[in-house]
Amino acid sequence: MGGNGLDSRITASVVITCIVAASSGLIFGYDIGISGGVTTMVPFLKKFFPSILKKGAEAKTNMYCIYNSQVLTAFTSSLYIAGLVASFGATRLNSAFGRKNTIVFGGCTFLAGAAVNAGAANIAMLIIGRVLLGFGVGFTNQATPVYLSEVAPPKWRGAFSAGFQFFIAIGVLLSNSINFFTAKLSFGWRLSLGLAIAPATLMTLGALLISDTPSSLVERGKIEQARKSLIKVRGIEQVDNELNDLIKASEIAKSAQQVPFVTIFERQYRPHLVMSIAVPFFQQVTGINVIAFYAPVLFQSVGFGKDSALIAAIILGSVNLCSIMVSTVVVDRFGRRFLFFVGGIQMFICQVALAVVLAKTTGVSGSDEISRGYTVLVLVLMCLYAAGFGWSWGPLSWLIPSEIFPMKIRPAGQSISVAVNFGITFVLSQTFLTMLCHFKFAIFLFYAGWIAKMTIFVLLFLPETKGIPLDSMFSVWENHWFWRRFVHAQLEPNKH
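A brief look at the structure comes next.

Parameters at a glance
Residues numbered from 1 in each chain as written. Predicted model: local features only at pLDDT ≥ 70, side-chain atom pairs only at ≥ 80, totals over all residues. Heavy atoms only, no water. Helix = DSSP H or I, 4+ residues; strand = E, 2+ residues; numbered from the N terminus. Contact = heavy atoms within 4.5 Å. Expected span 1.5 Å × (residues − 1). Buried < 20%, exposed > 50% of the residue type's maximum accessible area, 1.4 Å probe, protein only. Polar contact = N/O pair within 3.5 Å; in protein donor to acceptor, adjacent residues only side chain to side chain. Core = buried A, V, L, I, M, F, W, Y, C linked by side-chain atoms within 4.5 Å. Axes fitted to C-alpha atoms, helices over the stretch in contact; angles between N-to-C directions. Parallel < 35°, antiparallel > 145°, perpendicular 65-115°, else oblique. Nonpolar A, V, L, I, M, F, W, Y, C, P; charged D, E, K, R; others polar.

**What to know about the overall build of the chain**
The secondary structure content of the chain amounts to 23 helices and 0 strands. Counting contacts in the chain only where the partners sit at least 6 residues apart, residues at least 24 apart contribute 81% of the total.

In structure tokens form, the structure reads like this:
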């Protein structure tokens, strides 16, 4: 076998290990989906936000502005500012204690947050619970994508890494389905928020049973455990070459005695730094997460009834889940750039079409009634948009940052990527309902503009990383028309 794991095969061990690790996406997905449904429940609004109920009852209210409340958006967005803070703390935790233990710690923090939210007696408790959930998600979102990239065979790394987004989508769909049934109960919002304990428990217990990644074990000096882990996940006994490469890369990283957060700003790592910021930034300005957070709110705003809005959110989540399965099958066959391009075009067309349909049916004031036929068309366009995201920017935005960094800057690069993701998510989720109120249907043109920009960015600046072993990833930058001016042949001293 070569030193890069290309001859390894898919084993039962690597499949089980990756499924357990990727299941941490459940807690993130559950939280993305649960808050939107809860914030439309009358008992929840009556207890915490009675002014919104009063506004919704007024006959002349602009339908885009009913849910425009900064405190309500703080309930959703506080999770993401906490996740941003946690993602930087997770860097040290990831290096010192390993990817597995970081996932376990994140799961335990999340459990505490779910319990506080379920028992909330006031808005302060709601926000504290969401902050704890944010810490949990920050730790797991930092560790899991790196875990999957380090364990998966290079030839199928895209498919295995897509598992994280797949579980996020399952979490969104699960939470929307739960909201549909609990919305009919007076204590339904407590049940919805409290049931977050279930996926967190499942993920935490599962994480305790898997081994850490070979790279992490080598990084912490546990060479024999790293050898056993490699044999297990690669399915072959001859792992000496790959193990030696990991040891060599780790020694180089340590001998440099550099701080990863300083090293990543060196000129030779310019492409890595740009991608660690640009990819998660662009993922968020597609608008997908704010649409997922506020799907029931959004569907109610454009003319759906309460039950219909929750059903529409379930349909949207189902389409997203199915499209991620498509991505899992084709990502290692057609490559990352192709999916980014196709998905970007599809999302752009849908966002523009949504703006046109809503402009025609709701009017500039947003006070016109929308017909049943047009509400169905809105749902179809939203589903096509979600499908485009599901097989492109959804899974690939977690995959690309997890696979492009050399070992010495991998924790720092992943931290920056997760922090940018949470930071932009916080800003967008905090401002979305206000933007919806002021932009009305043009909110979709705002996102369409960003989708056009990011699709062009991918075509010009993102190299293809399909099937490239992690320890050979330097070659894609050396051969790129733009990035080669920054990257030297000495970027990876362990280059063969």
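What follows picks up the thread again.
**Observations regarding helix H22 (residues 443-461)**
Given 3.6 residues per turn, any residue in an α-helix points the same way as the ones three and four places further on. Between its first and last C-alpha atoms H22 spans 27 Å; for 19 residues at 1.5 Å apiece the expected length is 27 Å, and the two agree. Among the residues of H22, Ile443, Phe444, Tyr447, Ala448, Ile451, Met454, Thr455, Phe457, Val458 and Phe461 are the ones counted as buried.

**Examining the environment of Gly394**
Tracing the backbone shows Gly394 in helix H20 (residues 393-404). Each C-alpha atom of the pair Gly394 and Gln165 lies 6.4 Å from the other, and the pair is 229 residues apart in sequence. For Gly394, the contacting residues outside a window of four places in its chain are Gln165, Gln283 and Phe389.

**Notes on the environment of His480**
Within the secondary structure layout, His480 lies in the segment after helix H23 (474-478). Separated by 20 residues in sequence, His480 and Leu460 place their C-alpha atoms 9.7 Å apart. In this structure, His480 is in contact with Leu460, Phe461, Leu462 and Pro463, ignoring residues within four places of it in sequence. Reaching out from His480, the side chain makes a polar contact with the backbone oxygen of Leu460 at a distance of 3.3 Å.

**Overview of the nonpolar core**
Counting residues in hydrophobic clusters, the biggest one holds 117 residues, and the most contacted among them are Phe28, Phe44, Met275, Met382, Trp393, Phe444 and Trp477. In terms of residue count, the dominant contributor to this core is helix H21 (residues 410-439) (10 residues). Sequence-distant contacts of Trp477, defined by excluding residues within four places in its chain, comprise Pro271, His272, Met275, Ile404, Pro463, Trp483, Arg484 and Val487. Counting 10 residues, the second-largest nonpolar core is a separate cluster that includes Leu217, Ile236, Leu246 and Met407.

**What about unusual backbone geometry?**
Negative phi is the rule for most residues except glycine; trans is the rule for most peptide bonds. Although it is not a glycine, Lys440 sits at a positive phi angle of roughly 55 degrees. The residue Lys440 is located in the loop between H21 and H22 in this model.

**Notes on the side chain of Gln351**
Turning to its location among the elements, Gln351 is positioned in helix H18 (residues 336-362). The class for Gln351 is buried, based on a relative accessible area of 0%. Excluding its chain neighbours within four sequence positions, the residues that come into contact with Gln351 are Thr286, Ile291, Tyr385, Phe444, Tyr447, Ala448 and Ile451.

**A word on the side chain of Ser192**
Topologically, Ser192 is positioned in helix H8 (residues 188-194). Of the residues examined, Ser192 reaches a relative accessible area of 0% and is grouped as buried. Every residue in contact with Ser192, bar those within four places of it in the chain, is listed here: Tyr30, Ile34, Val38, Met41, Ile178, Asn179 and Thr182.

**Some thoughts on the packing of H21 against H22**
For any two helices packed against each other, one specifies the crossing angle of their axes together with the interaxial distance. Two elements in contact, H21 and H22, have axes separated by 9 Å at closest approach and are oriented at 125 degrees. With respect to their mutual orientation, H21 and H22 come out oblique. Facing H21, whose interface residues are Leu428, Phe432, Met435, Leu436 and Phe439, H22 presents Ile443, Phe446 and Tyr447. Class assignment for the residues of the contact of H21 with H22 results in 8 nonpolar, no polar and no charged.

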